[in-house]
Amino acid sequence: MKTVFEKSVPGREGCWPEEPKSKIEDFIPTELLREEAGMPSLSELDVVRHFTRLSQKNFGVDSNFYPLGSCTMKYNPKFTEQVAAMPGFAKLHPVIPQLKGAGHHCQGALEVIHETESMLCELTGMSAFTMHPMAGAHGELTGVMLMVAYHRDKGNKKTKIICPDSAHGTNPASAAVAGYDVVSVESKDGIITPEALAEVLDDDVAGVMMTCPNTLGLFETHLPELVEMIHAKDALLYYDGANMNAIMGKLRVGDAGFDIVHLNLHKTLGTPHGGGGPGSGPVGVSERVKPFLPISRVEKLEDGQYYLSYDEPKSIGYVAPFYGNFGVYLKAYAYMLRLGGEGLTRATEGAVLSANYMRKRLENHYEIPYNRICMHEFVASAVEQAKNGVRALDVAKALLDKGHHAPTIYFPLIVKECLMIEPTETENKETIDRFIDDLIEIAEMAGKNPEALQAAPLTTPVKRLDETKAARSMVITDDIK
Amino acid sequence: MPYVPHSPEEVREMLDVIGVNSVEDLFAEIPAELRPKSFDLPKGQSEMAVLEKLGKMAAKNTTDLTSFLGAGFYDHFIPTAVDALSSRSEFYTAYTPYQPESSQGTLQAIFEYQTAMARLMGMDYANASVYDCGSALYEATLMAVRKTRRKKIIVSEALNPIYRVMLDSYTTNLNIELVTVPHNHGRTNVKSITAAVGKDTAAVIVQNPNFFGSVNDFTEMFEKVHEHKALTIMSTYPVMQSVLKTPGQMGADIAIADGQSIGQPLSFGGPYLGIMTCTKALVRQMPGRIAGRTEDEDGKTGYVLTIQAREQHIRRQKATSNICSNQALCALRTLIHLCLLGEEGLRRTATLSTERAHHAAKRLSAIDGVEMFTKGPFGNEFAVTLPVNAFEIIDKLTERGIIPGFPVGRYYKGMENVLLVACTEKTTEEQIGIFAEILRGTI
Amino acid sequence: MIPQELLYAKSHEWLKVDGENGVIGITHFAQEQLGDLTFVELPQEGDTFAAGDEFGSIESVKAASEMYAPVDCEVVAVNEALEDAPEKVNEDPYGDGWLVKVKITGPTDALLDAAAYEKLAAEEAH
């Protein structure tokens, strides 16, 4: 399909504003100006049809089952879109509460921030939250910066962060970009053991980043002991909230002893993924880390009025220009109000039930490396199928032909031919059963006709794409030939 | 329960297949002492009740004020088709295009967005966007530090202070030296910046138009910076960039911007998007997602995420950045908005905004005691010096339904009387007239 | 498959010694593990490295790997053809796919001979 630049016809009118009275040259000298910017000229219908066609080349949660492990692709309730579009929120300039005498013009928005933080505190058992981080990885970076500030304040000399070998790549990357060395701890039978942790845990360790349940979908059964060991070294325990959908109402990470947590509202609390963003990655902290939270903080006065506090002498400073992705966490707030405490617990139960049901139905057809009760997701492996030349990638592509988005593949790195499956609670049993039946059929085909699977997908807008050619030729704009 | 479809009978069937008696059995591994000590969240409500509650909260915010606020965040008109198209759920309920065959819509849109951004900035390459301009600034800084293996960054004080404070926070633990060069009565101090550059300099960072609205040409300065093998980073404002000399023409190595002003509602601070573009020599240092064009097995054109070996899921702690997403939906909105405006519409938007700002500047500076602070050429934003404290004027005018601008003294000591005023194509001459008259009366 | 006349590092670089002059590349085993290469980042002429120092990196679509100097050395030439054609490393790792030419400035005792490297590669393949 042609690009908008290839479709452009000079002179064609789109959605233009009125004609100015003057020319730009009347205000700014020519030597400070440019030639044409090369934007496409299209009619409004040209644009509408182009992007409608493009949208039809996508799988989304509304159109397809999307069991992408670790991404929690649950249904995004429609009414939350309407909330974010309310003019009282969408038209609000972020600078307003910083102006003298203007605070009363944004009380509703400040209340949203305050209430969302309060609900997240109750959900996780943390003492305070900041809504500023704009994505999960951004929350991680903020969390690691909080560790830096905490240790600096205490005069601790700490240089290392420990991440398990099953961790998302963002954990070590976040620790590294904040200036720490990264040490890996090896999991045994899928989880971290006190013995393995003891081998790497020394006085230089600033913090330990854990995902619980971990990326294999397993609960860290040694958690209480690990917490004690880590705190004994005055290291901080970090909770990567990627898998929070597994524990709502069942475990509060604050109660369990975690010091810093980031949540992925676009996963756990139903805000849309947007094709890769925007997300929202708020960070919660225990009492001792609270003084270091980013500026600003929303405070509530006794008379019920809200204001922004900038007087935070120990703060790590600013991680966002304003208050984070307000338009995103507004949807999460609406989602929490809709479900309430009981509804959130039911969501977790539904997710865990579906994951275990799928795991059980698949166990005679695919290798399940850690085949025990899992949480909201589980890991299967195509090692058996690979003996016939059908790899996890081929299984994934064959699933596309069946109308399902593929699971996460080749992650976590410690499982060969890995298929990481997360159904979420919002998919009904028929959908789950159809997906399982299709996966079983693919397993059977792997024995009989591996070539057919290696040729998949055939029904998508394009067949398998040459990624090597893309990386070698680096055609990443329409102007590179 | 809303959004959880399993009926009691289905739950029973599923539990039987799993071989456990109850849903609670699935959580047996979480020991009693780790169970929530409290879980006092409110009871769930109907969709109607939640909409009503949030509608009331939204109504507590005032959005019908006449506003001259900018400071990097501008209220431009967003064509209706932007909302209509970006609301297609095939776009907004998809995720990062890990399976390119079923994500060609998102991928081609990113590719087109990258093309539009590279053209707008006059640069070789663009990525798929980062969180916001502050994040882009920080990532650009790290690109320069990695590429030059130097640690000193020269920052113009006329760079938006909202981003400068973010850069301060992010670099605290990184052994990077930030040297801020004071502005010269609102002008970017080209001489002082040039003089500050040495063989230990990784990069200089400037903005055009700068925070005070002043339009510059950095070509000569960039040449001198390059003589020291340091890099040049330029922050811009995308609407004005459609008419101004480009970072590429001036010799910038990295050009960044906030994409808010094209396609994103102000939304109390986000979501926005950080635009990042660079020269060919730096593309492998660029963080974030990048879409590239390739072919499928039949030779049909398609798009994939490419040069991913830079990224965290492959390189882990050695990655160029920890970023693992982009502001895809915001980038899509920016792209659609640009397509609807086209070359002419975008140019008109920049010209109209500039025209209104120059009209406002004329009206305001005609008031006794009010003087232009911004000297030389400016676009849609400028600063004036008031005879009184700008904070107090904002307080008084807001009472009358007008937010007159941004108080520069909030970030610049000794500039408490300076007010930063922005216009867009939505600003009318009538509004400017009322503003000027009320200001005259108040002073 | 493994040339007898070369020396090998445990990190899968090979070194060809000719008096004080050397040539460095990566082994057939290493390129096979990485898959189709898309980018090779090399040092500049005049750069000096101690044995074990990172001197460049190499990327495929799904993997990235650092390359380490097998010996103390100074770079005298780099294979500029790899910039546009990284696939040469896949196609001919011991020939056209060489990475850098160096002046050897340290001992080579710690490196493996062909037999020892063959054993190492066989072990790592499992």
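Residues numbered from 1 in each chain as written. Chains lettered and ligands numbered in written order. Predicted model: local features only at pLDDT ≥ 70, side-chain atom pairs only at ≥ 80, totals over all residues. Heavy atoms only, no water.

On to the overall build of chain B, then. When its secondary structure is counted, chain B shows 15 helices and 15 strands. Across its three principal axes, chain B shows a C-alpha extent of roughly 85 × 55 × 50 Å. Within chain B, buried positions represent 67% of all 443 residues. Looking at chain B as shown, the accessible area adds up to about 14,300 Å², and 49% of this sits on carbon and sulfur atoms. (Helix = DSSP H or I, 4+ residues; strand = E, 2+ residues; numbered from the N terminus. Buried < 20%, exposed > 50% of the residue type's maximum accessible area, 1.4 Å probe, protein only. Areas by Shrake-Rupley, 256 points an atom, 1.4 Å probe, with all protein chains shown as cover.)

Further remarks concern the pairing of strand E4 (residues 205-211) of chain A. Moving residue by residue along a regular strand, the side chains alternate between the two faces of the sheet. Residue and element names in this part refer to chain A. Burial of E4 is extensive: seven of the seven residues sit out of reach of the surface. Bridging between strand E2 (residues 160-164) and E4 involves three bridges; their strand directions are parallel. Bridge pairing links Ile 161 to Gly 207 in E4. Here five bridges tie E4 to strand E5 (residues 236-241), and the two strands are oriented parallel to one another. (Pairing = 2+ DSSP bridges.)

Our next topic: the packing of helix H14 (residues 392-401) of chain A against helix H15 (residues 429-448) of chain A. All names here are of chain A. Where H14 meets H15, the axes come as close as 10 Å, and the angle between the chain directions of the two elements is 130 degrees. When the axis of H14 is compared with that of H15, the two are oblique. Relative to H15, the crossing made by H14 is right-handed. Counting all contacts with H14, which are made through Val 395, Ala 398 and Leu 399, the residues of H15 involved are Phe 435, Leu 439 and Ile 442. A breakdown of the residues in the contact of H14 with H15 according to their chemical character gives six nonpolar, no polar and no charged. (Axes fitted to C-alpha atoms, helices over the stretch in contact; angles between N-to-C directions. Parallel < 35°, antiparallel > 145°, perpendicular 65-115°, else oblique. Left-handed = near helix turned anticlockwise from the far one by under 90°. Contact = heavy atoms within 4.5 Å. Nonpolar A, V, L, I, M, F, W, Y, C, P; charged D, E, K, R; others polar.)

To continue, consider a negative patch on the surface. Residue and element names in this part refer to chain A. Judged by side-chain charge, Glu 186, Glu 195, Glu 199, Glu 225 and Glu 228 come together as a negatively charged surface patch. Of all elements in the fold, only helix H8 (194-200) and helix H9 (223-232) reach the threshold of two or more residues within the negative patch. Summarising the element assignment, Glu 186 is placed in the loop between strand E3 (181-185) and H8. Residue class for Glu 186 comes out exposed when judged on its relative accessible area of 55%. (Patch = residues over 30% accessible without salt bridge, like charges linked within 9 Å, V, L, I, M, F, W, Y side chains within 5 Å. Salt bridge = Lys/Arg side-chain N within 4 Å of Asp/Glu carboxyl O. Lys, Arg positive; Asp, Glu negative; His and termini not counted. Charge placed at Lys NZ, Arg CZ, Asp CG, Glu CD.)

Bringing the interface of chain C and chain A into the picture now. Facing the eight residues of chain C at the interface are four residues of chain A. Among the residues chain C hides against chain A, the three largest losses belong to Asp 36, Thr 38 and Val 61 of chain C. Together they make up 67% of the total. One salt bridge connects Glu 87 of chain C with Arg 472 of chain A, and the closest N-O pair in it is separated by 3.7 Å. Linking chain C with chain A are two residue pairs in polar contact (both at pLDDT 80 or more). Counting only elements with at least two residues in the side of chain C that touches chain A, the list comes to strand E4 (37-41) and helix H2 (87-91) of chain C. (Buried area = accessible area lost by both parts, 1.4 Å probe. Polar contact = N/O pair within 3.5 Å; in protein donor to acceptor, adjacent residues only side chain to side chain.)

Residue and element names in this part refer to chain B. Here chain B is described as being made up of domain 1 (66-76 + 342-442) and domain 2 (80-336). For domain 1 versus domain 2, the distance between C-alpha centres works out to 28 Å. Facing the 28 residues of domain 1 at the interface are 30 residues of domain 2. On the domain 1 side of the contact with domain 2, Phe 73, Tyr 411 and Tyr 412 bury the most area, a combined 29% of that side's loss. (Domains from an automatic or database assignment.)

Per the counting criterion, the structure on display carries 29 aromatic pairs over all chains. On the basis of an interplanar angle of 10 degrees and a centroid distance of 6.3 Å, the ring pair of Tyr 335 of chain A and Tyr 3 of chain B is categorised as stacked. In this pair, Tyr 335 of chain A is assigned in helix H12 (residues 326-362) and Tyr 3 of chain B in the segment before helix H1 (8-18), connecting two distinct chains. Like Tyr 3 of chain B, Tyr 335 of chain A is buried. (Phe/Tyr/Trp six-rings, centres within 6.5 Å; stacked < 30°, edge-to-face > 60°.)

If you trace the backbone, Ala 94 of chain B turns up in the loop between helix H4 (89-92) and helix H5 (104-121). Here the alpha-carbon distance between Ala 94 of chain B and Leu 332 of chain B, two residues 238 residues apart in the chain, equals 13 Å. Setting aside residues no more than four positions away along its own chain, Ala 94 of chain B makes contact with Asn 58, Phe 59, Gly 60, Tyr 66, Met 73, His 273, Gly 274, Gly 275 and Gly 276 of chain A together with Ser 89 of chain B.

This brings us to the pattern of salt bridges. Scanning all chains against the criterion turns up 51 salt bridges over all chains. The shortest N-O distance in the salt bridge between Arg 346 of chain A and Glu 349 of chain A comes to 3.0 Å. Here Arg 346 of chain A and its partner Glu 349 of chain A are both found in helix H12, three residues apart, which amounts to about one turn of the helix. Ionic contacts of the salt-bridge type, sharing partners, join the residues Lys 250, Glu 342, Arg 346 and Glu 349 of chain A together with Glu 24 and Arg 35 of chain B into one network.

Residues Phe 89 of chain A together with Leu 54 of chain B are the most contacted members of the largest nonpolar core, which totals 248 residues. Take this core: its biggest share by element is 18 residues, from H12 of chain A. Sequence-distant contacts of Phe 89 of chain A, that is, excluding residues within four places in its chain, are made with Val 83, Gly 108, Ala 109, Val 112, Phe 326 and Leu 330 of chain A together with Leu 54, Met 57, Ala 58, Asn 61, Ser 267 and Phe 268 of chain B. Listed in part, the 51 residues of the second largest apolar core include Val 4 and Phe 5 of chain A together with Ile 336 and Cys 339 of chain B. (Core = buried A, V, L, I, M, F, W, Y, C linked by side-chain atoms within 4.5 Å.)

This next bit is on the interface of chain B and chain A. Taken residue by residue, the interface counts 187 residues in chain B and 211 residues in chain A. Interface of chain B and chain A: buried area, both sides summed, is about 17,300 Å²; carbon and sulfur atoms make up 64% of it. In terms of surface lost to chain A, no three residues of chain B exceed Tyr 3, Glu 101 and Phe 268 of chain B, which account for 6% of the buried area on that side. Viewed at the interface, chain A and chain B are joined by twelve salt bridges. Across the pair Lys 60 of chain B and Glu 111 of chain A runs a salt bridge whose closest N-O atoms are separated by 2.7 Å. Run the count over chain B and chain A and you get 89 residue pairs in polar contact (both at pLDDT 80 or more). Of all the elements, helix H13 (residues 328-365) of chain B adds the most residues to the side of chain B that touches chain A, at 25 residues. Classifying every residue of the side of chain B that touches chain A by side-chain character gives 91 nonpolar, 56 polar and 40 charged.

On to the sheet that holds strand E7 (residues 64-68) of chain C. All names here are of chain C. Strand order in this open sheet of three strands is E4-E6-E7, and the pairing throughout is antiparallel. Both edges of this open sheet fall to E4 and E7, since each of them pairs with a single strand only. Across this sheet, the average inter-strand angle for adjacent strands is 20 degrees, counted without regard to direction. Relative to E7, strand E6 (residues 54-60) runs antiparallel, the two sharing five bridges. By the bridge assignment, Ser 57 is partnered in E7 with Glu 66.

This part takes up unusual backbone geometry. Residue and element names in this part refer to chain A. Note that the residue after Cys 212, namely Pro 213, is joined by a cis bond; omega there is 0 degrees. Here Pro 213 shows up in the loop between E4 and H9. Backbone torsion omega between Ala 456 and Pro 457 reads 0 degrees, so that peptide bond is classified as cis. As for its position among the elements, Pro 457 is in the loop between helix H16 (450-455) and helix H17 (467-473). Phi is positive for Met 474, close to 50 degrees, though the residue is something other than glycine.

Turning next to the pairing of strand E8 (residues 297-300) of chain A. Residue and element names in this part refer to chain A. Sheet topology places E8 next to strand E9 (residues 306-309); four bridges connect them, and they run antiparallel. In the strand pairing of E9, Glu 299 is matched with Tyr 307. Linkage of E8 to E9, two consecutive antiparallel strands, is achieved through a turn of five residues, within which Gly 304 is found at a positive phi near 90 degrees.

Before going further, it helps to spend a moment on the domain arrangement of chain A. The parts lose accessible area when they come together, and the size of an interface is often stated as this lost area. Residue and element names in this part refer to chain A. As far as domains go, chain A holds domain 1 (4-55), domain 2 (80-338) and domain 3 (347-467). Of the residues lining the interface, 23 residues belong to domain 2; the matching set on domain 3 comes to 20 residues. Of the roughly 1,700 Å² buried where domain 2 meets domain 3, counting both sides, 59% is carbon and sulfur surface. Area buried by domain 2 at its contact with domain 3 is led by Leu 216, Leu 218 and Asn 245, which between them contribute 33% of it. Our count for the domain 2 to domain 3 interface comes out at one salt bridge. Here Glu 349 ties to Lys 250 by a salt bridge, and the two come within 2.7 Å at their closest N and O atoms. At the surface where domain 2 touches domain 3, the tally comes to seven residue pairs in polar contact (both at pLDDT 80 or more).

Here we take up empty space enclosed by the protein. Taken as a whole and judged by the stated rule, the model has eight cavities of 30 Å³ or more. The space that makes up the largest cavity amounts to roughly 230 Å³. Gly 72, Tyr 74, Gln 207, Thr 236 and Tyr 237 of chain B are the residues nearest the centre of the largest cavity, which is lined by 21 residues in total. Partitioning the lining of the largest cavity into residue classes produces eight nonpolar, eleven polar and two charged. Taken together, domain 1 (66-76 + 342-442) and domain 2 (80-336) of chain B each give at least three residues to the lining of the largest cavity, which thus spans both. Counted as a void, the second largest cavity has a volume near 90 Å³. Surrounding the second largest cavity, Gly 274 and Gly 275 of chain A together with Phe 91, Thr 106, Ala 109, Ile 110, Tyr 113, Ala 328, Leu 329, Ala 331 and Leu 332 of chain B form its lining. Where the lining of the second largest cavity is concerned, the elements lending two or more residues are H5 and H13 of chain B. A class-by-class count of the residues in the lining of the second largest cavity yields eight nonpolar, three polar and no charged. (1 Å grid on protein atoms, 1.4 Å probe; cavity = no way out; pocket = protein on both sides within 12 Å on 5 of 7 lines; lining within 4 Å. Points joined across faces, edges and corners; volume = space filled by probe spheres on them.)

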